[in-house]
Structure formats: structure tokens, C-alpha cells
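# Tertiary structure, described
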Amino acid sequence: MNGRPSLQQSRPSSSEDGSEPLKHVIDVYRHRDQTITCVCGWHGSCAAGERGGSDWTAHLAEFRTKKR
């Protein structure tokens, strides 16, 4: 490989007992294609759209919980 760490690590989607909500984090990122796959299975673009946001930003906003 090219000596860089891989971002394609498998992450658990929830806690062992299932009490914690699913956190939407990047599972696979493809820079050249500007695509992201979330640990929940969602797949879409991370490129900014006409309005400045991306599909990824919209996905995160859809599942965002109250700030601490």
C-alpha cells in the first residue's frame, strides 16, 4: 500500500447492550469519488452542492440529537 492508515475499519454500530443510539460516522471515505458510506449503511456524496451543504451534511442533520 502507500503507507497511509486505512479508513476502512469496521466499527460497531451500537453498544453491546443496545442502550446507546446509533452514531452516524464515516465507515468508508473515497476522496477521488467524493463519496461516503456511513456505518448505518447510508451512501452518498460529500461534495458541496449549489447551496453549500452536502448529502452527508443533510444525513447527519437528519439524525442529529440535542447538543450537550
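Report follows, based on the coordinates. Each chain has its residues counted from 1, running along the sequence as written. Restriction of local features to residues with pLDDT of at least 70 applies here, the model being predicted, together with a cutoff of 80 or more for giving and counting side-chain atom pairs; totals for whole chains, interfaces and linings are based on all residues. Here the side-chain values reflect all heavy atoms present in the structure, with hydrogen atoms and water set aside.

### A short note on unusual backbone geometry
With a phi close to 55°, Gln34 is a non-glycine residue in the positive phi region. Its place among the elements puts Gln34 in the loop between strand E1 (26-30) and strand E2 (35-38). Under the scheme used here, helices are H or I runs from DSSP no shorter than 4 residues and strands are E runs no shorter than 2 residues, and both carry numbers assigned from the N terminus.

### Description of the sheet that holds E2
Strand order in this open sheet of three strands is E1-E2-E3, and the pairing throughout is antiparallel. Where the open sheet ends on each side, the last strands, each with one partner, are E1 and strand E3 (43-45). Each adjacent strand pair in this sheet contributes to an overall mean axis angle of 20°, direction not counted. Sheet analysis places E1 next to E2, joined by four bridges and oriented antiparallel. By the bridge assignment, Tyr29 is partnered in E2 with Ile36. Packed on one face of the sheet, helix H1 (residues 55-62) meets E1, E2 and E3 and runs near 25° to E2. Any two strands with at least two DSSP-identified bridges between them are counted as paired. Angles here are taken between N-to-C directions and fall from 0 to 180 degrees, while the axes themselves are lines fitted to C-alpha atoms, restricted in helices to the stretch in contact. Throughout, a contact is declared for two residues whenever any of their heavy atoms are within 4.5 Å.

### As for the pairing of E2
Linking E1 to E2, which pair antiparallel, is a turn of four residues; within it Gln34 sits at a positive phi near 55°. Across three bridges, the pairing between E2 and E3 is antiparallel. Within the sheet, the bridge partner assigned to Thr35 lies in E3 and is Ser45. In this antiparallel pair of consecutive strands, E2 and E3, the connection spans four residues, and Gly41 shows a positive phi of 105°.

### Looking at the environment of Arg64
Position of Arg64 relative to the elements: it lies in the segment after H1. Partly exposed residues are those whose accessible area sits between 20% and 50% of the maximum for their type, while under 20% is buried and over 50% is exposed, using a 1.4 Å probe and protein chains only. When its relative accessible area of 53% is taken as the criterion, Arg64 is described as exposed. Between the C-alpha atoms of Arg64 and Lys23, which are 41 residues apart in sequence, the distance is 9.1 Å.

### Quick word on the environment of Asp55
Mapped onto the secondary structure, Asp55 falls in helix H1. Among the residues examined, Asp55 registers a relative accessible area of 44% and is labelled partly exposed. Taking the C-alpha atoms as reference points, Asp55 and Gly44, separated by eleven residues in sequence, lie 6.1 Å from one another. Non-local contacts of Asp55, meaning those with residues more than four positions away in its chain, are made with Trp42 and Ser45.

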